[in-house]
Amino acid sequence: AELALEGPHWRVIRPQILRNYATAEMVDGLVWAAERLRAADPLTPPLAVGDLSGEHGGRAPRHRSHQNGRDADVNFFWTDDAGAPVFSERMTSFDAKGVGVYAGRRVRFDAARNWKLVAAMLTNPYFGAEVRWIFVSRGLRALLLKEAAAVGADPELVRRAAAAMVQPPGSSHRNHFHLRIACAPADRLKGCKD
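Residues numbered from 1 in each chain as written. Predicted model: local features only at pLDDT ≥ 70, side-chain atom pairs only at ≥ 80, totals over all residues. Heavy atoms only, no water.

Peer 1: Account for the overall build of the chain, naming residues and giving values.
Peer 2: Check the secondary structure of the chain and you find five helices and ten strands. Taken over the C-alpha trace, the chain has a radius of gyration of 16 Å; the compact-globule value for 194 residues is 16 Å, and the two agree within 12%. Taking the principal axes of its C-alpha atoms as reference, the chain extends roughly 50 × 40 × 35 Å. Looking at the 194 residues of the chain, the share that counts as buried comes to 48%. (Helix = DSSP H or I, 4+ residues; strand = E, 2+ residues; numbered from the N terminus. Rg over C-alpha atoms; globule rule 2.2 N^0.38 Å. Buried < 20%, exposed > 50% of the residue type's maximum accessible area, 1.4 Å probe, protein only.)

Peer 1: I'd love a proper account of the pairing of strand S10 (residues 176-181), names of residues and values included.
Peer 2: The element S10 is largely enclosed, with a buried count of six among its six residues. On S10, burial covers both faces: His-176, His-178 and Arg-180 on one face and Phe-177, Leu-179 and Ile-181 on the other are all buried.

Peer 1: Describe in detail the environment of Phe-135, supporting the description with residues and values.
Peer 2: Its location among the elements puts Phe-135 in strand S8 (residues 131-135). Residue Phe-135 is classed as buried on the basis of its relative accessible area of 18%. On a C-alpha basis, the gap between Phe-135 and Leu-3 in space is 21 Å, while along the polypeptide they are 132 residues apart. When near neighbours in sequence (up to four residues on either side) are disregarded, Phe-135 contacts Val-166, Pro-168, His-173, His-176, Phe-177 and His-178. (Contact = heavy atoms within 4.5 Å.)

Peer 1: Explain the environment of Lys-146 to me, and be specific about the residues and the numbers.
Peer 2: Mapped onto the secondary structure, Lys-146 falls in helix H3 (residues 138-150). Judged by relative accessible area, which is 62%, Lys-146 ranks as exposed.

Peer 1: An account of H3 is requested, with residue identities and associated values reported.
Peer 2: The end-to-end C-alpha distance of H3, which contains 13 residues, comes to 18 Å, matching closely the 18 Å that a straight helix rising 1.5 Å per residue would cover. Among the residues making up H3, those that are buried are Leu-140, Leu-144, Leu-145 and Ala-148. The arc enclosing the buried residues of H3, seen along the axis, measures out at 140°, which places them on a common side. The outward face of H3, more than 90 degrees from its buried face, is lined by the exposed residues Arg-138, Lys-146, Ala-149 and Ala-150. For H3, the secondary structure elements touched by its buried residues are strand S7 (105-109), helix H2 (111-122), helix H4 (155-164), strand S9 (165-166) and S10. Of the residues one or two after H3, Gly-152 is the one with positive phi, at around 70°. (Expected span 1.5 Å × (residues − 1). Arc of directions from axis to C-beta.)

Dropping the structure here:
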């Protein structure tokens, strides 16, 4: 399925590479998450979606995955130094304290909005039960789990988030989330393999 390059609640940040295709569950779920986050807080910037897969899948330059529509790169939400939300048009790295630099200015990892995004991924009616991994750096993972505790998030949701959020070997994921979903049950019957 094709994710439109821009919608009322999301934008694909590298439209020129044409990697905005994914399974129908992934596309519908990303749109659902973006709509839900903006409905809950209209100040939330549009969801910045990075690479999904090519139209027909297959090898994706610069990626070991993103070949079959079950991977999505999603930029973090972040704020300027004064706390105002900023649309993340480019992947920006953050240290373990949630501090980064964009266009020569200091920016901050928005732990509150990013936790809501993680929760939306895990509770998503389209793919929430199929979330295998949410790649993110260990330092940012700690900030997200601290935020979850601070807002009194459901303990089972926090447990699932803690299990799904990992920093993969050899890749820090300090500048975006990488969401990986497993094969849907109907797809497994057709030969999909995780």
